[in-house]
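Residues per chain, in single letters:
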Amino acid sequence: MELEVRHLRALCAIADTGSLHRAARQLGVAQPSLSTQLRRIEQELGGALFVRARTGCRPTPLGRLVLSRARPLVAELRALVTEARAAAVGGKGLRIGSTASRALAGWLRRLRRHAQEPTLHMDVSPNVLLRMVAEGQLDVAFVHEVEGCPLRIPESLRIRVLVEREPQFVSLPADHPAAAKAVVHLSDLAHDRWMIDPSVDGEWDAVRRILRDAGIDPPVLHGDYHTAANLVAIGEVVTVVQPTSPSRPETAVRRLYGDPLGVRLLLAARTETELEGVYPALAEAYDEVARQAPAYREWLESAGTTPPVPALP
């Protein structure tokens, strides 16, 4: 059997997902078919590439060697195909992926001001966006990594940290007794219903952890950000929010005592040049929304820190 690009792509998928089942789903093939393909690849290369265990698949030393050569080849071929297709239809704009952030509007506005015409792809899953960048479907991705739940960052990507630790705040009804406080204890919310979006990588695990550590076990509902915001406004739930989130007449955004939950904000691209081209505009946009959020601005001042604000070239 002669190795082909599809074989290398399969190896990368198995390594990235850590599971034959998840890799098969990502590749759109049946798991038995992928298992057979892996055995044939291993026979061709003369040794086992992965250790199979109940907890998943991890590369052997031979597997790590093969992956170190396979990843750049797969990434380059995908980039070649993507760029060729774009050139065939007259070029492409800057393709940005992002999880939800109030900094997005200002970032896109600044990029357009500097003669870049971005397109935007939104997804609640940072891991999906990172994979899309690695595969050449996006140029850059702005994502968050929930504390204690590391992202699966493809080895081919370059990363720039925008904020090392952004504390997460809580949104609660404006007439909630705890809304009168500048800083809310989790115990103040022990008898409230919480709403969490379980499709956001790591969020459910992290919130469950901080509730458990606080010794409380409130009822938890599952729903997306928009549903949560609407239910907070009518007094039905409380929810974790980004510190840049604005208060509304019906809601209050407050800091959590001890800042028990944080996220790291990351910008990812395939090259340092791509990062350099978009990072300054993102940093300025983030600084803008951070200063517009009173509770977060107060937190930054009390912590003696400021958002990143590099000058645009």
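Residues numbered from 1 in each chain as written. Predicted model: local features only at pLDDT ≥ 70, side-chain atom pairs only at ≥ 80, totals over all residues. Heavy atoms only, no water.

## Structural notes on the pattern of salt bridges
Opposite charge on two side chains permits pairing when their charged atoms draw close.
Point 1. With the rule as written, the count across this model stands at 21 salt bridges.
Point 2. Asp139 serves as the salt-bridge partner of Arg95, at 2.8 Å between the closest nitrogen and oxygen. Taken together, the positions of Arg95 in strand β3 (residues 94-98) and Asp139 in the loop between α6 (126-134) and β5 (140-146) put the pair 44 residues apart, joining distant regions of the chain.
Point 3. Residue classification places Asp139 among the buried residues on the basis of a relative accessible area of 5%.
Point 4. Here Arg110 makes a salt bridge to Glu284, at a shortest N to O gap of 3.3 Å. Placement of the pair is Arg110 in helix α5 (residues 104-113) and Glu284 in helix α9 (residues 272-292), with a sequence separation of 174 residues.
Point 5. Judged by its relative accessible area of 9%, Arg110 is buried.
Point 6. Since its relative accessible area comes to 24%, Glu284 is described here as partly exposed.
Point 7. By sharing partners, the salt bridges in this structure join Arg95, Asp139, Arg270 and Glu274 into a single network. (Salt bridge = Lys/Arg side-chain N within 4 Å of Asp/Glu carboxyl O. Helix = DSSP H or I, 4+ residues; strand = E, 2+ residues; numbered from the N terminus. Buried < 20%, exposed > 50% of the residue type's maximum accessible area, 1.4 Å probe, protein only.)

## What about the layout of surface pockets?
Point 1. Here the largest pocket is characterised by a volume of approximately 840 Å³.
Point 2. If you trace the largest pocket, you find 38 residues lining it, with Ala100, Tyr225, Val241, Gln242 and Ser245 closest to the centre.
Point 3. Counting residues per element, the ones that place at least two in the lining of the largest pocket are β5, α8 (225-233), β11 (239-241), β12 (251-256) and β13 (262-269).
Point 4. Broken down by element, the lining of the largest pocket gets its largest block of residues, five residues, from α8.
Point 5. Across the lining of the largest pocket, the residue classes break down as 19 nonpolar, twelve polar and seven charged.
Point 6. If you go around the second largest pocket, you meet 14 residues; those closest to its centre are Arg22, Ser125, Asn127, Arg152 and Asp201.
Point 7. Those elements that place two or more of their residues in the lining of the second largest pocket are α2 (20-27) and α6.
Point 8. In terms of residue class, the lining of the second largest pocket is built from four nonpolar, five polar and five charged. (1 Å grid on protein atoms, 1.4 Å probe; cavity = no way out; pocket = protein on both sides within 12 Å on 5 of 7 lines; lining within 4 Å. Points joined across faces, edges and corners; volume = space filled by probe spheres on them. Nonpolar A, V, L, I, M, F, W, Y, C, P; charged D, E, K, R; others polar.)

## What about the sheet that holds strand β7 (residues 169-173)?
Point 1. The strand order across the open sheet formed by four strands is β8-β12-β7-β11, and the pairing between neighbours is mixed. With partners counted over all chains shown, the strands left at the sheet margins are β8 (183-184) and β11, one partner each.
Point 2. Pairing analysis gives two bridges linking β8 to β12, with the strands arranged parallel. Bridge pairing links Val183 to Arg255 in β12. (Pairing = 2+ DSSP bridges.)

## Some points on the confidence of the model for the protein
Point 1. On average, residues of the protein score 89 in pLDDT, and 93% of them reach the 70 mark or higher.
Point 2. Put simply, helix α4 (residues 61-88) is where the protein has its lowest mean pLDDT, 77, and β13 is where it has its highest, 97. (pLDDT = per-residue confidence, 0-100.)

## Focus on the environment of Thr55
Point 1. As for its placement among the helices and strands, Thr55 is situated in the loop between β1 (50-53) and β2 (56-59).
Point 2. In this structure the C-alpha to C-alpha distance between Thr55 and Ser19, which are 36 residues apart in sequence, comes to 8.4 Å.

## Description of the packing of aromatic side chains
Point 1. On inspection of all chains with the given rule, the structure shows four aromatic pairs.
Point 2. Taking 6.0 Å as the distance between ring centres and 80° as the angle between the ring planes, the aromatic pair formed by Trp107 and Phe142 counts as edge-to-face. A residue pair is termed long-range when its members are at least 10 positions apart, and Trp107 in helix α5 and Phe142 in strand β5 qualify at 35 residues.
Point 3. On the numbers, 6.2 Å between centres and 90° between planes, the contact of Phe169 with Tyr296 is edge-to-face. (Phe/Tyr/Trp six-rings, centres within 6.5 Å; stacked < 30°, edge-to-face > 60°.)

## Notes on empty space enclosed by the protein
Point 1. Counted by the stated rule, this structure contains one cavity of 30 Å³ or more.
Point 2. Estimated volume of the largest cavity: approximately 160 Å³.
Point 3. What lines the largest cavity is a set of 14 residues, among which Cys12, Asp16, Arg71, Arg78 and Ala134 lie closest to the centre.
Point 4. When residues of the lining of the largest cavity are traced back to their parent elements, those giving at least two are α1 (5-17), α4 and α6.
Point 5. Of the residues belonging to the lining of the largest cavity, the class tally is six nonpolar, two polar and six charged.

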